[in-house]
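Observations on the model geometry
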Amino acid sequence: MKNNNFFKSQYGVALAIISAISAPATAMAEVDFTGKTIEWVIPFAETGGAARWANFFAPLLSEELPGKPLVVVKYMPGAGSTKGANWFQQQAHEDGTLIFGSSGSTQFPYLLGDPRVRYEYKDWNPVMASGTGGVVYLSSEFADDFDGSANGLKDRFFVFGSQGASALDLVPLLAWKMLGMNVEPVFGIKSRGDARLMFERGEANIDYQTTATYRTSSVDYVNAGIAVPMMTLGALDKDGNIGRDPTFPDIPSFKEVCEATDGCEASGPEWEAWKAFFIAGYPTQNIAFLPQDTPQDIKDVYSDAFSNLTKRADFPEISLNQVGDYPVFTGRDAFEAVEQAINVDANAKKMILDWLEGSYGFTFN
């Protein structure tokens, strides 16, 4: 990931502390959570991908923190996750027993200047960040219309359950627009889990889910023959290019489908705007934060715990099965991941804002 002036100015002090100060062993030993309960607050409903992410990591984190405290995931849904994020902004350090989990749907309102946002990422202390992917699937009635391009889908009408065009759904909504598909979003869905249930009930005929939910729930629709996978949103390689998602190597990426579809271009301003928000929302999709003013020794303990759990011999297998094959960032890398997630090019941002207003009447003025 590339550093920029924003990152250097906002996170320079924190990075200097991480790289230059090694907490004494005696201070580290004083952090003990024996008999305590850690509350991991997720600003979404319990049926969504962020909930599955936190519930996967929570027991692993418990085993690595000193004293092996109970780590309990709690949910605070509302206002596209801004309710929970605004609440967390008001929390200050007490004893290290509170952590918060954001997602791309928390990052996007922050990036776009949503007036509901009363939180500031730069006040929070990231201790872990991880990526995810997304899989788009269609009702099986469209199976014969999809041949690896969206050409046969352009005269079909789709209904999609959406949490909001300025949330994480922004990425697939813009992808479908670029493909020339007629997708009507039904806004106001509380979670991607509720949108999945709309698809199950036949109230929607197109959906996407992030990796954790697709692997544990939506794939059942495919196996039952009521859904067919269309594409993944892709994955970012080490050179910054978008290719196939390694968790779903047999499903084409959006870039591939775009290149095969008449009128869709995987280059130019629209593609760059889509890519900017894809990068902001997916390679660093979920982030675990400690509150502002958390002492360095507690931040170190959490960073070490998350780092150590990824070194478990069984971690590659269990993480693939639960959350997918994506990197987990801790320490300095977590700060850099946050920097990437909360910054997009001004031109990309303007294009997205213009599209949101023109297509859905969304304006943040």
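Look above for the structure.
Just so it is clear, the model here is predicted, and its values are computed rather than measured. (Residues numbered from 1 in each chain as written. Predicted model: local features only at pLDDT ≥ 70, side-chain atom pairs only at ≥ 80, totals over all residues. Heavy atoms only, no water.)

1. Notes on the overall build of the protein chain
- Of regular secondary structure, the protein chain possesses 14 helices and 13 strands.
- A globule of 365 residues ought to have a C-alpha radius of gyration of about 21 Å, and the protein chain, at 20 Å, matches this closely.
- With the C-alpha coordinates of the protein chain rotated into their principal frame, the extents come out at 65 × 40 × 35 Å.
- Out of the 365 residues in the protein chain, the part that is buried amounts to 54%.
- Pairs at least 24 apart in sequence give 79% of the contacts found in the protein chain among residues at least 6 apart.
- On the protein chain, the mean spot of the 28 positive side-chain charges and the mean spot of the 46 negative ones are 3 Å from each other. (Helix = DSSP H or I, 4+ residues; strand = E, 2+ residues; numbered from the N terminus. Rg over C-alpha atoms; globule rule 2.2 N^0.38 Å. Buried < 20%, exposed > 50% of the residue type's maximum accessible area, 1.4 Å probe, protein only. Contact = heavy atoms within 4.5 Å. Lys, Arg positive; Asp, Glu negative; His and termini not counted. Charge placed at Lys NZ, Arg CZ, Asp CG, Glu CD.)

2. A word on the pairing of strand β4 (residues 125-130)
- Burial runs high along β4: 6 of the 6 residues are buried.
- Pairing geometry for β4 and strand β13 (residues 328-329), over 2 bridges, is antiparallel. Across the sheet, residue S130 finds its bridge partner in β13, namely V328. (Pairing = 2+ DSSP bridges.)

3. Observations regarding the packing of aromatic side chains
- Inspection of every chain in the model, using the stated rule, returns 36 aromatic pairs.
- Between W53 and F57 the ring centres are 6.2 Å apart and the planes differ by 65°, which places this aromatic pair in the edge-to-face class. Linking W53 with F57, this pair stays in helix α3 (residues 49-64), spanning 4 residues, or about one helical turn. As far as the burial class goes, W53 and F57 line up, both buried. (Phe/Tyr/Trp six-rings, centres within 6.5 Å; stacked < 30°, edge-to-face > 60°.)

4. Thoughts on the pairing of strand β6 (residues 157-162)
- Sheet analysis places β6 next to strand β7 (residues 182-187), joined by 6 bridges and oriented parallel. Directly across from V159, in β7, lies its bridge partner E184.
- For the segment spanning β6, helix α6 (residues 170-178) and β7, crossover handedness is right-handed. (Right-handed = clockwise from strand over helix to strand, strands pointing away.)

5. Brief notes about the pattern of salt bridges
- Tallied over the full model, the rule gives 13 salt bridges.
- Residues R156 and D145 are paired through a salt bridge, measuring 3.0 Å at the closest nitrogen-oxygen approach. Remark: D145 occurs in the loop between β5 (134-139) and β6 and R156 occurs in the loop between β5 and β6; sequence separation between them is 11 residues.
- Take D145: its relative accessible area is 18%, and that puts it in the buried class. (Salt bridge = Lys/Arg side-chain N within 4 Å of Asp/Glu carboxyl O.)

6. Points about the state of the cysteines
- Tallied over the full model, the rule gives 1 disulfide.
- Each sulfur in the disulfide pair C258 and C264 lies 2.0 Å from the other. Between C258 and C264 the sulfur-sulfur dihedral comes to about -100°; the bridge is accordingly left-handed.
- Take C258: its relative accessible area is 0%, and that puts it in the buried class.
- C264 sits in the buried class, given a relative accessible area of 8%. (Disulfide = S-S within 2.5 Å.)

7. With respect to the sheet that holds strand β9 (residues 227-232)
- Strand order in the open sheet made by the 3 strands is β8-β5-β9, with antiparallel pairing throughout. Edge strands, defined here as strands with exactly one partner in the open sheet, are β8 (206-210) and β9. Direction aside, the axes of adjacent strands within the sheet are offset by 30° on average.
- Here 5 bridges tie β5 to β8, and the two strands are oriented antiparallel to one another. (Axes fitted to C-alpha atoms, helices over the stretch in contact; angles between N-to-C directions.)

8. Quick word on the nonpolar core
- Core analysis: the largest hydrophobic core is formed by 48 residues, its most contacted members being L179, M181, M230, F254, W274 and F277.
- Of the residues forming this core, the biggest block, 8 residues, is contributed by helix α10 (residues 269-281).
- With 31 residues, the next largest nonpolar core counts A58, M128, A212 and Y302 among its residues. (Core = buried A, V, L, I, M, F, W, Y, C linked by side-chain atoms within 4.5 Å.)

9. Considerations on the packing of α6 against α10
- Close contact between α6 and α10 brings their axes to 9 Å; oriented N to C, the two are set at 160°. With respect to each other, α6 and α10 are oriented roughly antiparallel. As α6 runs across α10, the sense of the crossing is left-handed. Of the residues in α10, those touching α6 at L170, V171, L174, A175, K177 and M178 are E270, W271, W274, F277 and F278.
- For the contact of α6 with α10, the residue count by class is 9 nonpolar, no polar and 2 charged. (Parallel < 35°, antiparallel > 145°, perpendicular 65-115°, else oblique. Left-handed = near helix turned anticlockwise from the far one by under 90°. Nonpolar A, V, L, I, M, F, W, Y, C, P; charged D, E, K, R; others polar.)

10. Re helix α11 (residues 296-310)
- An ideal rise of 1.5 Å per residue puts 21 Å on 15 residues; α11 measures up with 21 Å between its terminal C-alpha atoms.
- Among the residues of α11, I298, K299, D300, V301, Y302, S303, A305, F306, S307 and L309 are the ones counted as buried. (Expected span 1.5 Å × (residues − 1).)

11. Description of the packing of α6 against helix α14 (residues 346-360)
- At a closest axis distance of 12 Å, the pairing of α6 and α14 adopts a crossing angle of 75°. The orientation of α6 with respect to α14, classified from their angle, is roughly perpendicular. For the pair formed by α6 and α14, the contact residues are L170, L173, L174 and K177 on the first element and I352, W355, L356 and Y360 on the second.
- Of the residues that constitute the contact of α6 with α14, the class distribution is 7 nonpolar, no polar and 1 charged.

12. Thoughts on the environment of C264
- Tracing the chain through its elements places C264 in the loop between α9 (254-260) and α10.
- C-alpha separation for the pair C264 and W40, spaced 224 residues apart in sequence, amounts to 41 Å.
- When neighbours within four sequence positions are excluded, C264 is seen to be in contact with M178, L179, F254 and C258.

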